[in-house]
Amino acid sequence: MGESFNKVWRVRNEGTCTWTGYELVYAGGEAMNGTLSNPVPVFKPNEYGDVSVDLQAPQRGGGYTGYWLFKNTAGQTFGVGSEGDGMLWVQINVEFPLPSGPTPVAAAGATPVSSGTTPVTATSPVSNQSGCIYTQNSTYESQILGLINNVRAQNGLGALALDSQLSAAALEHSLDMACNDNISHTGTDGSTWYDRARKQGFANYNSARENIYVGNPAFGGDANGAFTWWMNSEIHRKTLMNADAKLIGISYIYSDASTYGGNYTTLFARP
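Quick caveat: nothing in here was measured; it's all calculated off a predicted structure. (Residues numbered from 1 in each chain as written. Predicted model: local features only at pLDDT ≥ 70, side-chain atom pairs only at ≥ 80, totals over all residues. Heavy atoms only, no water.)

Participant: How do you make sense of the overall build of the protein chain when you look at a structure like this?
Facilitator: Counting its regular elements, the protein chain contains 5 helices and 14 strands. Across the 271 residues that make up the protein chain, the buried fraction comes to 45%. Once local pairs closer than 6 in sequence are excluded, the contacts in the protein chain between residues at least 24 apart make up 67%. (Helix = DSSP H or I, 4+ residues; strand = E, 2+ residues; numbered from the N terminus. Buried < 20%, exposed > 50% of the residue type's maximum accessible area, 1.4 Å probe, protein only. Contact = heavy atoms within 4.5 Å.)

Given below as structure tokens:
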């Protein structure tokens, strides 16, 4: 409790102008006693670099998450991801104090939990017909389902059942995004999510709605990172929290052919 630490994110300037005089600003959640505005190093277009903030764990036990955004010299804030509205986040667990006893034992301090540290089991790399090498990860897919159904339950909504046809449609699109570096709801063949659901034989394909996310699991693009990004984007959160949805398809594909590595597709629909 009360332990100080430095949180570092590795980011890439995907824009066309150099980031000069930009700041990393607190956007919500637990501030963890961090400075609300922090200078960002100069980043040229397509350049990778580290941004960081000094934080301090709260003086109370529990789990805490803080959110951060970039701010340009015009005072406009923006985030990360394909649409530029995903927040950077930091999540920590602070252990509760141990009961006092004959031999005092110091309670453990805050342990920063960086994205991608959850042990996961991925398939062995395989190659598709075009020669794209990729892996799947059922652990991430299961975590996505659990996170979505948990937040729906907290808001009085029914749990979503995993549907094999929707999952097959989601897999098709995740593979397309990963192997063709195509960050879009439209497939490289011109297909929409309706088309992909219909192709798999899903009867009520017109009810389908799709969320996608791309991110390297080494830099926050794990299952929790994808879920957090969706929840912090109004349009994606509405899709995820749609009361009419009863079924879901989920797919995660990782490939080095993709700029961002990890590619998630979730497809929501009514029976």
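Participant: Please clarify how the state of the cysteines should be interpreted in this entry.
Facilitator: Note on terminology: a disulfide is the covalent bond linking the sulfur atoms of two cysteines. This model, assessed by the stated rule, comprises 1 disulfide. Between the sulfur atoms of Cys132 and its disulfide partner Cys179 the distance amounts to 2.1 Å. Across the disulfide from Cys132 to Cys179, rotation about the S-S bond amounts to roughly -80°, and the bridge is consequently left-handed. Note that Cys132 is positioned in the loop between β9 (126-127) and β10 (133-136) and Cys179 in helix α2 (residues 164-180), a separation of 47 residues in sequence. Overall, Cys179 belongs to the buried group, its relative accessible area being 16%. (Disulfide = S-S within 2.5 Å.)

Participant: I tried to follow the packing of helix α1 (residues 138-154) against helix α4 (residues 223-231) on my own but got confused; where do I start?
Facilitator: When two helices pack together, you describe them by how their axes are tilted relative to each other and by the distance separating the axes. Look at α1 against α4: their axes get within 9 Å of each other, and the N-to-C directions meet at 35°. Judged by the sense of rotation from one axis to the other, the crossing of α1 with α4 is right-handed. Note on element contacts: α4 touches α1 through Ala223, Asn224, Ala226, Phe227, Trp230 and Met231, opposite Tyr140, Gln143, Ile144, Leu147, Ile148 and Val151. In the contact of α1 with α4, the residues fall into 10 nonpolar, 2 polar and no charged. (Axes fitted to C-alpha atoms, helices over the stretch in contact; angles between N-to-C directions. Left-handed = near helix turned anticlockwise from the far one by under 90°. Nonpolar A, V, L, I, M, F, W, Y, C, P; charged D, E, K, R; others polar.)

Participant: Is there a simple way to explain the environment of Gly28 in this structure?
Facilitator: Looking at the element boundaries, Gly28 is found in strand β2 (residues 23-29). Linking Gly28 and Gly66, residues 38 residues apart in sequence, is a C-alpha distance of 6.1 Å. Those residues in contact with Gly28 that sit more than four places away from it in its chain are Gly66 and Tyr67.

Participant: Would you mind showing me how to read the side chain of Asn137 here?
Facilitator: Residue position: Asn137 is located in the loop between β10 and α1. Separated by 3.0 Å, the side chain of Asn137 and the backbone nitrogen of Tyr140 make a polar contact. (Polar contact = N/O pair within 3.5 Å; in protein donor to acceptor, adjacent residues only side chain to side chain.)

Participant: Explain the packing of aromatic side chains here, please?
Facilitator: Each pair of aromatic rings is reported with the distance of its centres and the angle of its planes. The full count for this structure, using the stated rule, is 13 aromatic pairs. Consider the rings of Tyr26 and Trp68, whose centres lie 5.6 Å apart with planes at 70°: the pair is edge-to-face. Of this pair, Tyr26 sits in strand β2 while Trp68 sits in strand β5 (residues 62-71); the two residues are 42 residues apart in sequence, bridging distant segments of the chain. Members of the aromatic cluster, joined through ring pairs, are Trp19, Tyr22, Phe43, Phe70 and Phe78. Residue placement shows Arg198 over the ring face of Tyr205; its charged tip is 5.0 Å from the ring centre. (Phe/Tyr/Trp six-rings, centres within 6.5 Å; stacked < 30°, edge-to-face > 60°. Lys NZ or Arg CZ within 6 Å of the ring centre and 35° of its normal.)

Participant: Quick question: what am I supposed to make of the environment of Tyr140 here?
Facilitator: Examined against the element boundaries, Tyr140 turns out to sit in helix α1. Put simply, Tyr140 and Ile250 are 110 residues apart on the chain and 9.5 Å apart in space, counted from C-alpha to C-alpha.

Participant: It is not clear to me how α2 should be interpreted in this structure. Could you clarify?
Facilitator: Each α-helix winds once per 3.6 residues, and so residues spaced three or four apart point in a common direction. The end-to-end C-alpha distance of α2 is 24 Å, a good match for the 24 Å that 17 residues give at a rise of 1.5 Å each. Judged by how many residues are buried, α2 sits mostly within the fold: 12 of 17 residues are covered. Those residues of α2 lying buried are Leu166, Ser167, Ala169, Ala170, Glu172, His173, Ser174, Leu175, Asp176, Met177, Ala178 and Cys179. Looking at the packing, one finds that the buried side of α2 touches β10, β11 (161-162), α3 (193-199), β12 (209-215), β13 (247-254) and β14 (262-269). By the N-cap criterion, in which a side-chain oxygen at the helix start approaches the backbone nitrogen of a residue two or three places on, α2 is capped by Asp163, the distance to Gln165 being 3.0 Å. Once α2 ends, the next one or two residues include Asp181, with phi positive near 50°. (Expected span 1.5 Å × (residues − 1).)

Participant: Help me understand the environment of Gly15, please; the structure alone is not making it clear to me.
Facilitator: Tracing the backbone through its elements, the reader meets Gly15 in the loop between β1 (4-12) and β2. Looking at Gly15, the relative accessible area reads 32%, which means it is partly exposed. Each C-alpha atom of the pair Gly15 and Phe43 lies 9.9 Å from the other, and the pair is 28 residues apart in sequence.

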